[in-house]
Structure formats: C-alpha cells, structure tokens
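# Architecture at a glance
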Amino acid sequence: MPHRLFPLLVISLIAALALSSSPAPSLAAPDQPPRLTTFGMNTYFSGLERLPQNRNDDLAALVNATRELGAEWVREEISWANLEPSKGNFTWGLMDTALAQAANGGFGIIGMLLTTPEWARVADCASRITRNNGSLNYWCPPANPQDFADFVRAAVERYDGDGMNDAPGSPRVAVWQIWNEPNNWATWPGEANEYGALLAAGYAAAKAADPTAIIATGGVYIFDGGTRTGGNRDGLEFLGAAFGAVPVAQTSFDALAIHPYMPDTAPDRVGLFGLVSLWGRISNARGWLDSRRGPHVPLWISELGWSTCTHASAVCRSEQEQADFLVRSHGIALALGVQHINWFQLEDKFDSPPNDLWGNMALLRNRSQGYARKPAANAYATLTNQLVGATFAGFGPLHSYVHQNNALIPAARYHLRFQTATGALVDLLWTTGSAETRTMPLESGRIAQLLSRDGATLPLSISGGQAQIPLSGTPVYLRQDTPAQLAVTPASVTVPMLATDPATSYALVVQNLGSAIINWTASGSASWLTLETTSGSGHTSLLRYRINPSGLTPGNYSTTVTVNAGSAGIQSVPITLRVVTTLYRAYAPVIYR
C-alpha cells in the first residue's frame, strides 16, 4: 500500500507450513499453525512506532484482538535498514523480542524482507527519490544484490527454528516475501530488472538457509490506475519485465502475491468493466501465473482493504460498506482459489487522523479509542468462525453471476457454498441488485440456521424443505449442520498407580459426531479424582481430570464422570483407579529429531 512507510522494525515468527507445491516443512513451534491457512492480517505489531522507546502500544491487547478476530497469520515488516547498520553488524535485539512475543501469541507470520541500509544503497538514490515526493531513501534498491542476499540468509537462519544459531526461544519464520509493492515507485525507486536480480538472489539465499521456507514475491498492485504514473507499472507487467531481464527470477518464488486494491468502488459493482472487478483481477492474475509457472503455484492476496476515512473523496466508504465489501471480497477470492488472504489492516500504528485513506482501512479504531471494533471487525470474526478450514464446494442454486472480462457487470446474485472440516455446509449469499427474498432447497437431514454478516441468528422461514433467504448487499450465511451427537472417548478408563505416585493429569476427548459446535458441562469427583475442566465448547475439546493416589491402600476405586451436552446427549464414563504394590513401567526409546 502506498501509505507512509517509515523506519520499520518488525516481527515475524511462525509455524512451519506446508503447501502442496512446496517442500515439507520442519516442525512448528508450540501453538503456531503447522501450515499456511487462509486468513491473515497485516498487523505491524513490531513497528517502531509501537515499541516502548516510542509510544509503548498495548501489544498484548492487539495480539488478543487478532486472536479473537480469528486471523491465524500476521504479516510483518523485516527491515534490513534497521537490522544491519553496517556490513555484517546486526542489531537483532528488538526483533528477537518481537518475534518471541508473536510466537507466544500462537500466530504464523509472513515476514517481508525490505528496505536498504544507507551503506548498501545505489549511489544515485537521492536523484531517484526526487521522482516521487512520497519515496523515502531506505526504499532505494541495493547497489549489490549479494548484500541483500547475505542479509536474507542471516535473517532466515536466525529464525528458521531449528535450534542452531537461532534467536532466543527459536521462534520460526517459515514464510517470507521479497520486498513489498516493487511496482510502486514510492516503495521501489528502481527498475524491473533490478527487482528481478533481487528476487533471484533473495530466493536462493533463503532456500540455502531453510529449504523448507516458502518464498513469495513482493505483493504487486494489479490494474491500479495510480501505478501507471510517475515511473510505476502495473504489477503483472512489471514482473513480466523483471523475468524477461532476469530469467531465473521467474522460478524464484513459491507463491505470487497481489494487491488488487479498488478502494473507490465495490469489488463487484454493477456497471464495472469485468476485467477490472475483483473477480477479473484475480482470474487474470491466475491466468498470467498459469501461463508462466503452471496451476500448481499458489496465488495470494497479501493486501486488500477499504477505508472508512472522512475525506471528501470517492475513496472513502461507510463503515457498513467496509464490512460488506470485506466479506464479499473474501468470498470471491476463496471461490477463485486464492490460497491466502491478508486484510489491510488490523490497527493503524500511526494513529492517523480520520481523513487518512490507508490508516482508516483498519478494523480496529485508534489507540486513543481503546482499539474498539468497527463493524468490519465483527464481520471478519464471523467470516473466520464460519469458514476457517472450509473448502469451496461450488456455486449454489441461487447464484446468477457469470463473469465476462469484456462486459459490464450486471446486477446479480452471489451464492457460494463451502464445506467445513466437520462436514457442515455454509452458504455465503448476497446480491448486487435490489433486495429480495429467494426460495432455495435445504439438504435433507440437516439442521439449518441463518446468520447475519456479523454473526447474529436471523429468523429463517422453512416450508416443505424450502428456505426463504433474504438477499441484499449485506451478506448472510446459511449454515446446515448434521445433527449433534455427543461422543466421549475413551468410554471407560482404568489407571494403575502406586500409592506413592504423584498426582497426574489425564484427559477425555469430548466430540460432536455431528458437524456443529457443542457446549457441555462435566460433573463427578472422588477423594482421589478432581475435575480440572468442568465445561467446554467446540466440535472437539478436552476434559481434563487429575488422579491422586496418595494415602490409598491397594485395591480398586471407582467413580463416574458425566458429560452433559444438552440436546446432543449425556454420557457417563466410569473411571477406575487401581492402586497396586508393584508397577512395571515400559519405556520407549528416546528419539531425538
């Protein structure tokens, strides 16, 4: 995004992740996602502006807010200009701290490797940045791509999480981007051939340090009118020129990242030329990538957003429009096979005024407003709650939009069907025409529920297996679940222990054999058994209990733990403690990774 980019620090962590087109990753750190998932957020937790020596933002609150929104990945800036003030002299301290904090938050992180320290910049940097008043000197390309490659190798090695030459705590960054928006003169006052050389050098260095790392291109604007002025180029045209000048660059990435911003209009606006709609931009980028690398290389959106700014400009949207466009754009992207999407942005680290375009794309209000949610934040939380782990299953019976690049978009209905990992069907529906109510058949044997864009349960009229669905520009979800059925495993437990053994915790697995989340409570106790978990929620969760044999004489002791999930069922699990005088323990060999 062409927002004001300042000396950036950054954080970045992550779980190793696996893509079908990428090498198998190494192990993820505890609580981090083991592979790249759909939903990400541009968070800038580690921006210098947030840190104690400047403003001391409440990063714990921002981390918690991101988790509550359902984003599993955060995208952060790894600023070479801040980390290597002179050749081979690294200042990792603040970065190490930030990465550890992110790792503890349980997020995967995409790290952007960008900016150039003064000692490494091209000699004519000053004259280059005069071409654009918004460009700052640390965005100049390096004079020697090998200097950048040396930095990349050092950074990737430090954060590869393998326990060797790592940062304290060995936080892992497994996903990297080479620069950001290189087709924008403000963030790359250089030429396409220079970026091609940088991409090739950075990719080789990252893979040498961590062969399992996933490397993406810097996100490029596509079909953005502003990028055709001041020496800028459309993103696909720019990358094509880079690959033509440096052929090896065409194979020097594992994913193509795009920024299909269209802040002055809806993603699916009636009357918009099909090619420049969000659908057109994504499908055109996919076709371009297929022609050069094939369908196995993933397409990402590493930035996308709409602003609630108050400037007297066509680019400012209402808060309700921002929320509607967020859901509609994610639905279109998922239907077209985009693998990973990062919304821009969580909260503006600059606390920009209300008339600022980029700052007001945030889902949370400014620090002075307590990071309160905008409606789009609630919409995002509902989106992730319904579609995390889901796969696109096709277009539903109410869908009427047919994409044509070379035609104006008509008013149409959008009906996108997803299937969750637990087997639920989730339909995402809206219309760009007049509000209306449509009838659609429900799946036999399922329980249907209609949800608003923000997660509220809506009235649903059903007759003869047909549901009445209200359609407008504000999306709704029709969720169809298989009936809830409680299952607790194991069905019975026997634990042999010595009277001298320490108190030990065990767990039962509480699961819904249907597709929905269930809520449950647990009861049961004895002098030797204590429930550590008395309630829970989810499709699958754990009921933990502790057994303490201290003071018991040899013999069998029995009790029952009962799990009550309401209409999903009640199940009692008999638990027997067998106190013995001799216990033969079997030990498996220790295997080191």
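Before any of the text, the structure's been laid out above.
Residues numbered from 1 in each chain as written. Predicted model: local features only at pLDDT ≥ 70, side-chain atom pairs only at ≥ 80, totals over all residues. Heavy atoms only, no water.

## A short note on the nonpolar core
Generally speaking, a soluble globular protein has its nonpolar side chains buried in company with each other. F151 and W176 are the most contacted members of the largest nonpolar core, which totals 121 residues. With 10 residues, the top contributor of residues to this core is helix 6 (residues 192–209). Apart from the residues within four sequence positions on either side, F151 is in contact with I78, W80, L83, E84, F90, W92 and L113. In this structure, L486, W520, W528 and V563 belong to the second largest nonpolar core, which totals 25 residues. (Core = buried A, V, L, I, M, F, W, Y, C linked by side-chain atoms within 4.5 Å. Buried < 20%, exposed > 50% of the residue type's maximum accessible area, 1.4 Å probe, protein only. Helix = DSSP H or I, 4+ residues; strand = E, 2+ residues; numbered from the N terminus. Contact = heavy atoms within 4.5 Å.)

## A word on the pairing of strand 12 (residues 425–431)
Along strand 12, seven of the seven residues are buried, which leaves the element largely enclosed by surrounding structure. Of the two faces of strand 12, the one carrying L425, D427, L429 and T431 and the one carrying V426, L428 and W430 are both buried. Note that strand 11 (residues 413–419) and strand 12 share seven bridges and pair antiparallel. Its bridge partner lying in strand 12, F418 is registered against V426. Counting the residues that bridge the hairpin from strand 11 to strand 12 gives five residues, and of these G423 lies at a positive phi of roughly 100°. In this sheet, strand 18 (residues 476–481) lies alongside strand 12 in antiparallel orientation, the contact comprising five bridges. Counterpart to L429 in the pairing with strand 18 is V476. (Pairing = 2+ DSSP bridges.)

## Examining the sheet that holds strand 27 (residues 570–580)
Consider a sheet: its strands pair through backbone hydrogen bonds, and that pairing is either parallel or antiparallel. In spatial order, the strands read 20-27-26-22-24; together these five strands make up an open sheet with mixed pairing. Looking at strand neighbours, the two that pair on one side only are strand 20 (493–498) and strand 24 (535–538), the edges of this open sheet. For this sheet, the mean inter-axis angle between neighbouring strands, taken without regard to orientation, is 25°. Judged from the 10 bridges that link them, strand 26 (residues 555–564) and strand 27 form a sheet pairing that is antiparallel. Bridging from a neighbouring strand, T559 pairs with I575 of strand 27. (Axes fitted to C-alpha atoms, helices over the stretch in contact; angles between N-to-C directions.)

## Brief notes about the packing of aromatic side chains
Going through the model one piece at a time under the given rule, you end up with 30 aromatic pairs. Between F392 and F418, the ring centres sit 5.5 Å apart and the planes meet at 65°, which makes this aromatic pair edge-to-face. Of this pair, F392 sits in strand 10 (residues 391–395) while F418 sits in strand 11; the two residues are 26 residues apart in sequence, bridging distant segments of the chain. Judged by its relative accessible area of 27%, F392 is partly exposed. Ring geometry for Y414 versus W430: centroids 4.9 Å apart, planes at 5°, classification stacked. With Y414 in strand 11 and W430 in strand 12, this pair connects stretches of sequence that are 16 residues apart. Pair check on accessibility: Y414 and W430 agree, each one buried. An aromatic cluster of three or more residues is present, and its members are W80, W119, Y138, W139, F148, F151, W179, W188, Y195 and F238. (Phe/Tyr/Trp six-rings, centres within 6.5 Å; stacked < 30°, edge-to-face > 60°.)

## Re the sheet that holds strand 1 (residues 39–42)
In space, the nine strands of this open sheet follow the order 5-4-3-2-1-9-8-7-6, with parallel pairing throughout. The sheet terminates laterally at strand 5 (214–217) and strand 6 (220–221), the two strands that pair on one side only. Note that strand 3 (residues 108–114) and strand 4 (residues 175–178) share four bridges and pair parallel. Pairing of L113 across the sheet is with I178, part of strand 4. Strands in contact with helix 9 (residues 319–335) are strand 1, strand 8 (299–301) and strand 9 (340–343); relative to strand 9, the strand with the most contacts, it is inclined by about 165°. Across the sheet, helix 10 (residues 375–387) touches strand 1 and strand 9, and the angle it forms with strand 1 is around 155°.

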